[in-house]
Amino acid sequence: MKQASVGSNHICSHCKRELPVSDFYFNSKKQCYDNYCKECRKLSSRKQRENKLCLPIVNYTCHYPVITRTDDGQLRMLLILQALQKVRESMARKLKKQHEREFKEFE
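Quick notes on the rules
- Residues numbered from 1 in each chain as written.
- Predicted model: local features only at pLDDT ≥ 70, side-chain atom pairs only at ≥ 80, totals over all residues.
- Heavy atoms only, no water.
- Disulfide = S-S within 2.5 Å.
- Buried < 20%, exposed > 50% of the residue type's maximum accessible area, 1.4 Å probe, protein only.
- Helix = DSSP H or I, 4+ residues; strand = E, 2+ residues; numbered from the N terminus.
- Contact = heavy atoms within 4.5 Å.
- Polar contact = N/O pair within 3.5 Å; in protein donor to acceptor, adjacent residues only side chain to side chain.
- Salt bridge = Lys/Arg side-chain N within 4 Å of Asp/Glu carboxyl O.
- Pairing = 2+ DSSP bridges.
- Phe/Tyr/Trp six-rings, centres within 6.5 Å; stacked < 30°, edge-to-face > 60°.
- Core = buried A, V, L, I, M, F, W, Y, C linked by side-chain atoms within 4.5 Å.

(A) Highlighting the state of the cysteines. For the structure shown, the criterion picks out 0 disulfides. A disulfide-free cysteine, cysteine 15 has its sulfur positioned 3.6 Å from the sulfur of cysteine 12, the nearest such atom. Taking relative accessible area as the criterion, cysteine 15 reaches 27% and is therefore assigned partly exposed.

Here it is in structure tokens:
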């Protein structure tokens, strides 16, 4: 379902040319035409893709110990047990909330 301005012209925000609406992509979600003409939109998208491919790889350092990167066996086991404890506590809280909701429904 396109807008009623099918025969009219539209001005591209990038190249500032006045072009027929057939030279613009139609956004079906917003029910309007794009602000860039098809030619400018393709150039813009191409530049964005090239910029993403050329981004430098950043060496990210974690501020917390990562279990899979720990060489010490005892430390790894301690981290695994701590993680399991956190998961158990979280599951217990979730189960408690669920029981409280079910109890309130019966009142």
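(B) Quick peek at the environment of threonine 70. Looking at the secondary structure, you find threonine 70 in the loop between helix H1 (38-53) and helix H2 (73-106). Each residue touching threonine 70, except ones within four places of it in the same chain, is listed here: Leu75, Arg76 and Leu79. Polar contacts involving the side chain of threonine 70 include one to the main-chain carbonyl oxygen of valine 66, which spans 2.8 Å.

(C) Quick peek at the pattern of salt bridges. Per the counting criterion, the structure on display carries 2 salt bridges. Arginine 17 is paired through a salt bridge with glutamate 39; the nearest N and O atoms lie 3.9 Å apart. Of this pair, arginine 17 sits in the loop between strand S1 (9-11) and strand S2 (18-20) while glutamate 39 is found in helix H1, placing the two residues 22 residues apart along the sequence. Residues arginine 41 and aspartate 34 are paired through a salt bridge, measuring 2.7 Å at the closest nitrogen-oxygen approach.

(D) Looking closely at the pairing of strand S3 (residues 24-27). As defined by bridge partners, S3 adjoins strand S4 (residues 32-37) across 3 bridges and the pair is classed as antiparallel. Paired with phenylalanine 26 across the two strands is tyrosine 33, which belongs to S4.

(E) Just the packing of aromatic side chains, in detail. For the structure shown, the criterion picks out 1 aromatic pair. On the numbers, 4.9 Å between centres and 70 degrees between planes, the contact of phenylalanine 26 with tyrosine 33 is edge-to-face.

(F) Representation of the nonpolar core in the model. Counting residues in hydrophobic clusters, the biggest one holds 7 residues: Cys12, Leu19, Val21, Phe24, Tyr33, Cys37 and Cys40. Beyond its immediate chain neighbours, meaning those up to four positions away, cysteine 40 contacts Cys12, His14 and Cys15.

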